[in-house]
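Structure at a glance
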Amino acid sequence: MNPRKLFNVILKIFGLFFLREIINTIPQLVTSIFRYFVSSDAGPIIVTFLVSIFILSLYTLLVMQLLFKTNKFIDMLKLDQGFSEEALSSDNPDEFVKGISSTAILTIALIVIGGVILTDEIPNFCRQLYVYFSQSSSKYNSVKRDSSYMIFSAAKIIIGLLFLGERKRIVDFIENRTTDSADEIIEE
């Protein structure tokens, strides 16, 4: 594995972690939109909405760059310079780095990210489910039941399961888009 390919895979893994952050930011955005229509004091809600949009835009830009334009990123930061080809390869076939492809590394990264999403959200979903039903069973509670957090948590669980179940399609998509963008660079 040459240094360029190694940094390419590392940057894609960072892109996948930022994709996880996008999934975590979307509920904040939707919640601030709903609060805007319910609340009489819209000032703080608009600020929250604008900050959420800014963060979501920044994360989306980073994800697009890190997943699909990694070669430009590597060239801009000059990450692959200063390494010799021999430093990352060896004649020993038992060496770990030589036998791993970028597809395998991206697959492992998707499994880890999907697992992290699930381990974060399953307890959160159970807690939200408990709060929802405890509010409905309390006869002294005059607060309207809110199911939005439970719905967002369920959506995150589904996304985590999709990361785990559809990892081959996601890796193929990332690899194909990267190959297409690398062909565009070569044509220029």
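In the block above lies the structure referred to throughout.
The structure reproduced in this document is the subject of the present report. (Residues numbered from 1 in each chain as written. Predicted model: local features only at pLDDT ≥ 70, side-chain atom pairs only at ≥ 80, totals over all residues. Heavy atoms only, no water.)

**Quick word on the environment of threonine 48**
Heads up, the condition is: For helices the rule is a DSSP run of H or I covering at least 4 residues; for strands it is a run of E covering at least 2, with both sets numbered from the N terminus onward. The buried label goes to any residue with under 20% of its type's maximum accessible area, the exposed label to any with over 50%, and the partly exposed label to all in between, with areas taken from a 1.4 Å probe on protein chains only.
Its place among the elements puts threonine 48 in helix 2 (residues 43–68). Classification of threonine 48 by relative accessible area gives partly exposed; the value is 41%. As for threonine 48 and threonine 31, which are separated by 17 residues in sequence, their C-alpha atoms are 9.7 Å apart.

**Quick notes on the nonpolar core**
Stated precisely, the cut-off is as follows: Buried residues of nine kinds, namely Ala, Val, Leu, Ile, Met, Phe, Trp, Tyr and Cys, make up a nonpolar core once their side-chain atoms join them within 4.5 Å. Here a residue-residue contact requires only that any non-hydrogen atoms of the pair lie within 4.5 Å.
Membership of the largest hydrophobic core comes to 20 residues, with the highest contact counts inside it found for Ile13, Leu16, Leu67, Leu106, Phe163 and Ile174. Mapped onto this core, the elements with two or more residues apiece are helix 1 (3–38), helix 2, helix 5 (102–137) and helix 7 (167–187). Residues contacting isoleucine 13, with those up to four places away along its chain left out, are Ile105, Leu106 and Ala109. Counting five residues, the second-largest nonpolar core is a separate cluster that includes Leu11, Leu66, Phe73 and Ile74.

**Re the packing of aromatic side chains**
Rules: Ring pairs shown here join Phe, Tyr and Trp side chains whose ring centres sit within 6.5 Å, with only the six-membered ring taken for Trp; geometry is labelled stacked below 30 degrees between planes, edge-to-face above 60, and tilted in between.
Evaluated as defined, the whole model comprises two aromatic pairs. Ring geometry for phenylalanine 18 against tyrosine 59: centres 5.6 Å apart, planes inclined by 45°, an arrangement best described as tilted. Pair noted here: phenylalanine 18 is in helix 1 and tyrosine 59 is in helix 2, with a separation of 41 residues, a long-range link. The interplanar angle of 85° and the centroid separation of 5.6 Å between the aromatic rings of phenylalanine 68 and phenylalanine 173 together place this pair among those described as edge-to-face. Of this pair, phenylalanine 68 sits in helix 2 while phenylalanine 173 sits in helix 7, and the two are 105 residues apart along the sequence. According to the relative accessible area criterion, phenylalanine 68 is buried, its value standing at 7%.

**Describing a nonpolar patch on the surface**
Definition in use: Patch rule: a residue counts if its relative accessible area is over 30% and it has no salt bridge; like charges are joined within 9 Å, and nonpolar side chains (Val, Leu, Ile, Met, Phe, Trp, Tyr) within 5 Å. To be clear on the numbers: accessible area is Shrake-Rupley with a 1.4 Å probe, and residue cover counts the displayed protein chains and nothing else. We define a salt bridge as a contact between a side-chain nitrogen of Lys or Arg and a carboxyl oxygen of Asp or Glu at a distance within 4 Å.
A cluster of nonpolar side chains, contributed by Ile33, Tyr36, Phe37, Val38, Ile46 and Leu50, occupies part of the molecular surface with about 630 Å² of accessible area. Residue assignment for the nonpolar patch shows that the elements contributing at least two residues are helix 1 and helix 2. Tallying contributions element by element places helix 1 first for the nonpolar patch, with four residues. Residue placement: leucine 50 occurs in helix 2. With relative accessibility at 52%, the residue leucine 50 sits in the exposed group.

**Side note on the packing of helix 1 against helix 3 (residues 70–77)**
Counted only if it meets this: Note on definitions: angles span 0 to 180 degrees between N-to-C directions of axes, and those axes are lines fitted to C-alpha atoms, for helices only across the stretch in contact. Just so you know how the angles are binned, under 35 degrees is roughly parallel, over 145 roughly antiparallel, 65 to 115 roughly perpendicular, and the rest oblique. Crossing handedness follows the turn of the near helix against the far one: under a right angle anticlockwise gives a left-handed crossing, and clockwise gives a right-handed one. Gly is put with the polar residues, along with every residue not named as nonpolar or charged; the nonpolar set is Ala, Val, Leu, Ile, Met, Phe, Trp, Tyr, Cys and Pro, and the charged set is Asp, Glu, Lys and Arg.
The geometry of helix 1 relative to helix 3 is characterised by a closest axis approach of 10 Å and an angle of 115° between their N-to-C directions. One way to sum up the angle between helix 1 and helix 3 is to call them roughly perpendicular. As helix 1 runs across helix 3, the sense of the crossing is right-handed. Residues Arg4, Phe7, Asn8, Leu11 and Lys12 of helix 1 form the contact with helix 3, whose participating residues are Thr70, Asn71, Phe73, Ile74 and Asp75. Considering only residue class, the contact of helix 1 with helix 3 consists of four nonpolar, three polar and three charged.

**Looking at the pattern of salt bridges**
The full count for this structure, using the stated rule, is six salt bridges. Here lysine 156 and glutamate 121 are joined by a salt bridge, their closest N and O atoms 3.6 Å apart. A residue pair is termed long-range when its members are at least 10 positions apart, and lysine 156 in helix 6 (residues 148–165) and glutamate 121 in helix 5 qualify at 35 residues. In this pair, the class of lysine 156 matches that of glutamate 121, namely buried. We note a salt bridge from aspartate 172 to lysine 168, for which the minimum N-O separation is 3.3 Å. Highlighted residues: aspartate 172 and lysine 168, both in helix 7, separated by four residues, approximately one helical turn. For aspartate 172, a relative accessible area of 32% gives the class partly exposed. Residue class for lysine 168 comes out exposed when judged on its relative accessible area of 59%.

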